[in-house]
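Topology and contacts: notes
Residues per chain are reported as follows:
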Amino acid sequence: MSTTLDIHDIRAAASRLQGQVINTPCLPSRTLSAIAGCEVFLKFENHQFTASFKERGALNKMAQLTATERAQGVLAVSAGNHAQGVAYHAQRLGIAATIVMPRFAPAVKVERTRGFGASVVLEGDTFDDARAHGLTLARERGLTVVHPYDDLAVAAGQGTIALEMLSAQPQIDTLVVAIGGGGLISGVATAALALKPGLQVIGVQTERFPAVWNAAHGEQRECAQATIADGIAVKAPGALTLPLIRERVADVLLVGEDDIEQAILMLLEIEKTVVEGAGAVGLAALLKHRERFAGRKVGLILCGGNIEPLVLAEIIERGMVKSGRLARLRLDVRDVPGALADVATLLGKLGANIDEVQHQRAFSSLSVERAQIEVVVQTRGVAHIEQILLAMRARGYRAERVG
């Protein structure tokens, strides 16, 4: 088996994928460009049918199977986007697919994968347990393993993204790419540098899973238990992909959880597009490391859009708090009839919309003739909150922001 990857492999993959996956839009963002201080171009891979780029590599791998391998079937170990990409295209190609997931896999992802006709096996309390079981199962049943990243056919399929980006926006001189196991960035870097040798490819990992960053910088930071960017929560890069990353990727940057949350919210508000954590790390890197990209023409891959609705709702709410559009205020008032109504009326006149009210008597250190009111209000931002507090104090209320 070949241990290298070149532009011919990726062009061949593009030929196999033509008409089978979506050539997703690659569009400039004026607003994000102004915010980031560089020209920003977005590749909307969250528009694929399964909402992830993973379809490309999975299909390229399965399209090259022999008739015997197709007849025997394929197996993948994944709790997320790779599972759905393999299941969907295996169903289209008439190949039986077995997907092994750990028992903790979200029910919605299990059912979605089954919906594509795959046989889902839940095994093990950890992903490593599921992987070990999957490899054993593949050997016993003679199934071809479709690896999520450590396979050059998979990496070649992912590299077709770069062909499309540089065809649509040839002025791009920098690509910022999420790194988990390394399949995406290996393929993208190979294609991009062959087409435009002076182009820079920059990788991004989370501070909680810095395996490739460690390899690039000679560090030994430990991995954490979880990250909002679960799609790139990989503790060790691929044996085939790491040498390609060392050779073809200019640098690897880290971003934190807050950076990723901010990027998810900005893409939702500005671009009206939903991305998962891994899909937002490129923008997070632009915002955190502005000086690194100043004046450059940067392509970002929004590599996936599969985020749990409740997680997205929490990110939105937390973002509103950080920006001051949602605030908790504490007021000390006289405990007399009509006091709460007066507070509500004044807040309304000041342009604050009340979300939640808590009226405390017993659970307060105030004297018996006074009460404490906590209100969560929607505002126009931090400056508006200060205006509200000043106006409340001018009316004789002891008022402070507590959240």
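One can find the structure itself at the top, above this paragraph.
A brief structural summary. Every chain begins its residue count from 1, and numbering advances along the sequence as written. The model is predicted, so local features are restricted to residues of pLDDT at least 70 and side-chain atom pairs to those at 80 or more, both for listing and for counting; the totals for chains, interfaces and linings are taken over all residues. Excluded from the side-chain calculation are hydrogens and water; included are all heavy atoms of the structure.

Brief notes about the packing of helix α3 (residues 54–63) against helix α5 (residues 81–93)
Stated precisely, the cut-off is as follows: The convention used is that axes are lines fitted to C-alpha atoms, helices contributing only their stretch in contact, and that angles between N-to-C directions extend from 0 to 180 degrees. Here a strand is any run of E in DSSP of at least two residues, a helix any run of H or I of at least four, and the numbering for each starts at the N terminus. Roughly parallel means an angle under 35 degrees; roughly antiparallel means over 145; roughly perpendicular covers 65 to 115; every other angle is labelled oblique. Handedness of a crossing follows from how the near helix is turned relative to the far one, being left-handed for an anticlockwise turn of less than a right angle and right-handed for a clockwise one. Contact definition: two residues touch when any of their heavy atoms are within 4.5 Å. The residue classification treats Ala, Val, Leu, Ile, Met, Phe, Trp, Tyr, Cys and Pro as nonpolar and Asp, Glu, Lys and Arg as charged. All others, Gly included, are polar.
Relative orientation of the contacting elements α3 and α5 amounts to 45°, with a least axis distance of 8 Å. Classified by the angle between their axes, α3 and α5 sit oblique to one another. α3 and α5 meet at a crossing whose hand is right-handed. Residue-level contacts link K54, E55, A58, L59, M62 and A63 of α3 to N81, H82, G85, V86, Y88, H89, A90, R92 and L93 of α5. Across the contact of α3 with α5, the residue classes break down as 8 nonpolar, 4 polar and 3 charged.

Here we look at the pairing of strand β9 (residues 251–255)
Threshold: Partly exposed describes any residue whose relative accessible area lies between the buried limit of under 20% and the exposed limit of over 50%, with all areas from a 1.4 Å probe on protein chains only and scaled to the type maximum. At least two DSSP bridges between two strands are required for those strands to pair.
A large share of β9 lies buried, amounting to 4 of its 5 residues. Direction of pairing for strand β8 (residues 200–206) relative to β9: parallel, over a ladder of 5 bridges. Bridge assignment links I202 to a residue of β9, and that residue is D251.

A short note on helix α12 (residues 257–271)
Here is the rule we go by: The span one expects for a helix is its residue count, reduced by one, times 1.5 Å.
The first and last C-alpha atoms of α12 sit 21 Å apart over 15 residues, in line with the 21 Å expected at 1.5 Å per residue. By the burial criterion, the buried members of α12 are E257, D259, I260, E261, A263, I264, L265, M266 and L267. Phi for K272, located one or two positions after α12, is positive at around 55°.

Focus on the nonpolar core
One broad rule of soluble globular proteins: the nonpolar side chains tend to lie buried together. Note the threshold: Residues belong to a common nonpolar core when they are buried Ala, Val, Leu, Ile, Met, Phe, Trp, Tyr or Cys residues joined through side-chain atoms within 4.5 Å.
In this structure, V176, I264 and L286 are the most contacted members of the largest nonpolar core, which totals 73 residues. With residues near it in sequence (within four places) discarded, I264 still touches I228, V275, E276, G277, A280, I307, L312 and I315. Among the nonpolar cores identified, the runner-up in size contains 21 residues, and V74, A83, A105 and F116 belong to it.

Quick word on the sheet that holds strand β5 (residues 119–122)
Judged by pairing direction, the sheet is parallel, and its 4 strands sit side by side in the order β5-β4-β3-β6 without closing on themselves. The outermost strands of the open sheet, each flanked by one partner alone, are β5 and β6 (144–145). For strand β4 (residues 97–101) and β5, the ladder comprises 4 bridges, and the chain directions are parallel. Within β5, the residue paired with V100 across the bridge is V121.

Focus: the packing of aromatic side chains
To be explicit about the condition: In summary, the pairing rule links any two rings of Phe, Tyr or Trp, Trp by its six-membered ring, whose centres are within 6.5 Å, and it sorts them by plane angle into stacked for under 30 degrees, edge-to-face for over 60 and tilted for everything else.
This structure, assessed with the given rule, holds 3 aromatic pairs. For the pair Y88 and F116, a centre-to-centre distance of 5.4 Å together with 55° between the ring planes defines the contact as tilted. Taken as a pair, Y88 in helix α5 and F116 in the loop between α6 (107–115) and β5 lie far apart in primary sequence, 28 residues in all. For F116, a relative accessible area of 12% puts it in the buried group. By the ring-pair criterion, three or more aromatic residues cluster together here, those being F49, Y88 and F116.

A few points about helix α1 (residues 7–17)
What counts, and what does not: By construction, the arc corresponds to the directions joining the helix axis to the C-beta atoms. Whenever two N or O atoms come within 3.5 Å, that pair is a polar contact, provided that in protein one can donate a hydrogen and the other can accept it, and provided that, for residues adjacent in sequence, both atoms are side-chain atoms.
Within α1 the residues assigned to the buried category are I7, I10, A13 and L17. An end-on view of α1 places all buried positions within 120° of arc, on one side of the element. Exposed side of α1, more than 90 degrees from the buried face: H8 and S15 are the residues found there. Against α3, α8 (152–168) and α9 (183–195) lie the buried residues of α1. For α1, the N-terminal cap is D6; the gap from its side-chain oxygen to the backbone nitrogen of H8 is 2.9 Å. Following α1 by one or two positions, G19 adopts a phi angle in the positive range, close to 80°.

A look at the pattern of salt bridges
How we decide: Here, a salt bridge means any Lys or Arg side-chain nitrogen found within 4 Å of an Asp or Glu carboxyl oxygen.
Inspection of the entire model under this criterion finds 23 salt bridges. The partner of K322 in a salt bridge is D258, and the shortest N-O contact between them spans 3.4 Å. Of this pair, K322 sits in helix α15 (residues 309–322) while D258 sits in helix α12, and the two are 64 residues apart along the sequence. Judged by relative accessible area, D258 falls into the partly exposed class, the value being 47%. Overlapping salt bridges, with partners in common, bring together R328, R330, E356, E374 and E400 in one network.

A few points about a nonpolar patch on the surface
Note the cut-off: Like-charged residues within 9 Å of one another, or nonpolar side chains (Val, Leu, Ile, Met, Phe, Trp, Tyr) within 5 Å, are grouped into patches, provided each residue has over 30% relative accessible area and no salt bridge. Per-residue accessibility takes into account occlusion by the displayed protein chains alone, with areas from the Shrake-Rupley method and a 1.4 Å probe.
Where nonpolar side chains cluster on the molecular surface, the patch consists of L340, I354 and V357 and spans about 200 Å² of accessible area. If you trace the backbone, I354 turns up in strand β12 (residues 353–360).

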